[in-house]
Amino acid sequence: MASTFNSNPNSTLSSPALSLPHPKIHNYENPRMLSSDLHAKWDAKLIINGGSRLSGHVSLSGSKNSALAILEAALCCSGTSKLTNVSNLSDTRMMASILYSLEPELSGIAKIRGGFFVIGPLLGRFGEAVVGLPGGCDIWARPIDIYIRGLQALGAVVEVRMWACAKESKWAPSYLLLQLLDLASLYHTSLLDKLSGAGCKIFPRHSNLKLSAIPASKGGDLRGFNVRTQPYPGLPTDLQPQTMALLSSSSIIEESVFENHMGHVRELQKFGAKLEVCGSTALVFGKENGRHFSGSRVAATDLRGGMSLVLARLASEGTTEISGISHIDRGYENLESKLCLIGADIKRQDLNKGHASNFSTPVRTSITESTYDI
Ligand SMILES: CC(=O)N[C@H]1[C@@H](OP(=O)(O)OP(=O)(O)OC[C@H]2O[C@@H](n3ccc(=O)[nH]c3=O)[C@H](O)[C@@H]2O)O[C@H](CO)[C@@H](O)[C@@H]1O
Ligand SMILES: C=C(OP(=O)(O)O)C(=O)O
């Protein structure tokens with residue numbers, strides 16, 4: 001362990017005191033993630049022929065952001081932790097690889113934001129840690145000062161250079177200040193509530209949810225609504241771009257988590273979407289949107305913004321090429337196969353291989369089989 005963590009030549013850390021055995025991590029499907037994974041799809045594109053009516057059942061995969069946090073948290077445990085329903089995504093494979101080697105794989109950590117957060121469990125477990133600074137989507141500065149101040153408040157000495165290092169001096173008594181929110185007053189901002197107000201019929205069931213949009217015979221468009229992104233249980237910033245893509249009536253979307261999570265607006269405008277951004281607020285103008293988009297070549301600039309382009313083009317007629325889909329692949333498992341199952345015409349074109357693959361035949365899903373033992 002000491003040697004793996006001191007493999008940074010600039011590190012001055014001494015051997016950490018081991019209190020627990022080195023964790024063994026086994027991903028049954030991907031014993032070692034290749035760090036080339038993230039680059040492999042740079043040349044791929046999604047080709048979407050929009051306008052088909054989508055209907056059917058889709059099984060939701062496990063969430064990337066939950067899986068990353070739980071994978072990291074498992075470092076705090078001795079013995080075996082078994083995680084199920086872990087999506088097979090470039091980010092989860094990268095995290096498995098980081099945990100597997102427990103080397104300061106700067107290249108890996110720099111590509112995913114979650115990688116940085118191994119710093120807490122490692123510090124708790126070994127007394128010191130060296131990790132690369134976080135990567136992830138380029139959706140503004142994404143500072144980590146609060147996390148660092150938290151580690152310091154717990155007694156850690158933290159140095160931030162090209163690497164983030166934390167060396168425990170003592171675990172002094174400390175307090176975490178939790179602000180209690182009035183959950184009931186925030187609940188009305190949830191997306192389901194908004195969709196229901198906009199005209200969707202939503203039937204929550206025990207383990208699934210049935211959702212029907214307004215039929216085309218009745219106008220097809222959702223009524224507009226105004227929404228502001230907020231921490232849980234408000235509308236998450238991770239749903240803001242996709243929500244924007246759905247709107248075809250006058251609406252206002254305010255982004256309050258990041259100062260700039262609007263990279264998708266410029267790409268949606270290339271389709272002909274009538275949108276304007278003022279600061280961190282987007283104004284969606286009425287009827288011109290939705291089904292009247294025209295085909296175009298666009299690029300995903302981040303994960304959720306990329307997904308908003310897919311949704312916008314599925315809803316309107318014409319053919320579109322979306323590049324930059326390695327961003328989308330970070331968060332959506334088996335995207336094309338799920339969409340094809342409900343009637344979408346979507347193909348992946350891998351420019352390296354020079355052909356498009358059609359997923360109308362369902363590919364084997366790893367949803368229930370991707371299991372990590374830690
Ligand atoms: C609360 C929230 O909605 N978090 C979202 C945020 O997480 P992410 O982990 O990126 O951001 P955080 O939850 O850490 O930060 C939320 C806000 O606090 C600020 N901040 C955070 C840490 C810090 O040390 N200093 C600081 O100023 C950030 O600039 C941001 O405005 O983006 C992720 C990817 O889209 C989403 O999955 C998360 O749901
Ligand atoms: C931006 C996202 O991921 P990350 O924090 O890993 O960049 C996301 O999940 O929407």
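Small disclaimer: the values here were computed from a predicted structure and weren't measured. (Residues numbered from 1 in each chain as written. Chains lettered and ligands numbered in written order. Predicted model: local features only at pLDDT ≥ 70, side-chain atom pairs only at ≥ 80, totals over all residues. Heavy atoms only, no water.)

Quick word on the nonpolar core
Part 1 of the reasoning: Of all hydrophobic cores here, the largest spans 41 residues; its most connected members are Leu46, Met244, Leu268, Val310, Ile322, Leu339 and Ile346.
Part 2 of the reasoning: The set of elements that each furnish at least two residues to this core consists of β2 (44-50), α9 (191-198), α10 (240-246), α11 (263-270), β12 (281-284), α12 (303-314) and α14 (335-341).
Part 3 of the reasoning: Ranked by residue count, the leading element in this core is α12, at 5 residues.
Part 4 of the reasoning: One finds Ile112, Leu122, Val158 and Ala166 within the second-largest nonpolar core, a separate group that totals 26 residues. (Core = buried A, V, L, I, M, F, W, Y, C linked by side-chain atoms within 4.5 Å. Buried < 20%, exposed > 50% of the residue type's maximum accessible area, 1.4 Å probe, protein only. Helix = DSSP H or I, 4+ residues; strand = E, 2+ residues; numbered from the N terminus.)

Thoughts on the domain arrangement of the protein
Part 1 of the reasoning: Annotation of the protein at the domain level lists domain 1 (20-39 + 63-168) and domain 2 (186-329).
Part 2 of the reasoning: Contacts between the two partners involve 9 residues from domain 1, matched on the other side by 10 residues from domain 2.
Part 3 of the reasoning: Across the interface of domain 1 and domain 2, roughly 840 Å² is buried in total on both sides, 60% from carbon and sulfur atoms.
Part 4 of the reasoning: Broken down residue by residue, the surface that domain 1 buries against domain 2 is led by Cys137, Ile139 and Trp140, which jointly contribute 59%. (Domains from an automatic or database assignment. Contact = heavy atoms within 4.5 Å. Buried area = accessible area lost by both parts, 1.4 Å probe.)

Concerning the environment of glutamine 269
Part 1 of the reasoning: Tracing the backbone through its elements, the reader meets glutamine 269 in helix α11.
Part 2 of the reasoning: A residue is classified by how much of its surface remains accessible, and glutamine 269, at 33% relative accessible area, is partly exposed.
Part 3 of the reasoning: It is 24 Å that separates the C-alpha atoms of glutamine 269 and alanine 213, two residues lying 56 residues apart in sequence.

Re the site of ligand 2
Part 1 of the reasoning: Taken together, Lys64, Asn65, Asp91, Arg113, Gly136, Cys137, Ile139, Arg142, Asp238, Leu303, Arg304 and Arg330 make up the full set of residues near ligand 2.
Part 2 of the reasoning: A distance of 2.6 Å is found between an oxygen atom of ligand 2 and a side-chain nitrogen or oxygen belonging to arginine 304.
Part 3 of the reasoning: Taken by itself ligand 2 offers 290 Å² of open surface, and the protein chains cover 93% of this.
Part 4 of the reasoning: Counting only elements with at least two residues in the shell around ligand 2, the list comes to α3 (64-73) and α12. (Near = heavy atom within 4 Å. Polar contact = N/O pair within 3.5 Å; in protein donor to acceptor, adjacent residues only side chain to side chain. Areas by Shrake-Rupley, 256 points an atom, 1.4 Å probe, with all protein chains shown as cover.)

Re the packing of aromatic side chains
Part 1 of the reasoning: Summed over all chains, the structure comprises 2 aromatic pairs.
Part 2 of the reasoning: Centre to centre, the rings of phenylalanine 116 and phenylalanine 117 are 5.2 Å apart; their planes meet at 85°, and the pair counts as edge-to-face.
Part 3 of the reasoning: An angle of 65° between the planes, with centres 4.8 Å apart, marks the rings of phenylalanine 117 and tyrosine 147 as edge-to-face. In this pair, phenylalanine 117 sits in the loop between α5 (106-111) and α6 (119-126) while tyrosine 147 sits in helix α7 (residues 145-153), placing the two residues 30 residues apart along the sequence.
Part 4 of the reasoning: Judged by relative accessible area, which is 21%, phenylalanine 117 ranks as partly exposed.
Part 5 of the reasoning: Here the aromatic residues Phe116, Phe117 and Tyr147 are joined through ring pairs into a cluster of three or more.
Part 6 of the reasoning: Stacked on the ring of phenylalanine 271, the Lys or Arg arginine 313 has its end atom at 5.1 Å from the ring centre. (Phe/Tyr/Trp six-rings, centres within 6.5 Å; stacked < 30°, edge-to-face > 60°. Lys NZ or Arg CZ within 6 Å of the ring centre and 35° of its normal.)

Let's talk about the site of ligand 1
Part 1 of the reasoning: Within the structure, ligand 1 sits among Asn65, Arg113, Arg142, Pro143, Ile144, Asp145, Ile146, Tyr147, Thr237, Asp238, Val257 and Phe258.
Part 2 of the reasoning: Within the contact set of ligand 1, an oxygen atom lies 2.5 Å away from a backbone nitrogen or oxygen of isoleucine 146.
Part 3 of the reasoning: In the model, an oxygen atom of ligand 1 is placed 2.4 Å from a nitrogen or oxygen of the aspartate 238 side chain.
Part 4 of the reasoning: When isolated, ligand 1 has an accessible area of 710 Å², and the protein chains bury 68% of it.
Part 5 of the reasoning: With 3 residues, the top contributor of residues to the shell around ligand 1 is α7.
Part 6 of the reasoning: In the shell around ligand 1, the residues fall into 6 nonpolar, 2 polar and 4 charged.
Part 7 of the reasoning: Residue assignment places the shell around ligand 1 across two domains, with domain 1 (20-39 + 63-168) and domain 2 (186-329) each supplying three or more. (Nonpolar A, V, L, I, M, F, W, Y, C, P; charged D, E, K, R; others polar.)

Concerning the pattern of salt bridges
Part 1 of the reasoning: Under the criterion given, the structure shown has 12 salt bridges.
Part 2 of the reasoning: The residue aspartate 345 makes a salt bridge to lysine 347 at a minimum N-O spacing of 3.5 Å.
Part 3 of the reasoning: Residue lysine 347 is classed as partly exposed on the basis of its relative accessible area of 26%.
Part 4 of the reasoning: Via salt bridges that share partners, Lys45, Arg297 and Glu321 belong to a single interconnected network. (Salt bridge = Lys/Arg side-chain N within 4 Å of Asp/Glu carboxyl O.)

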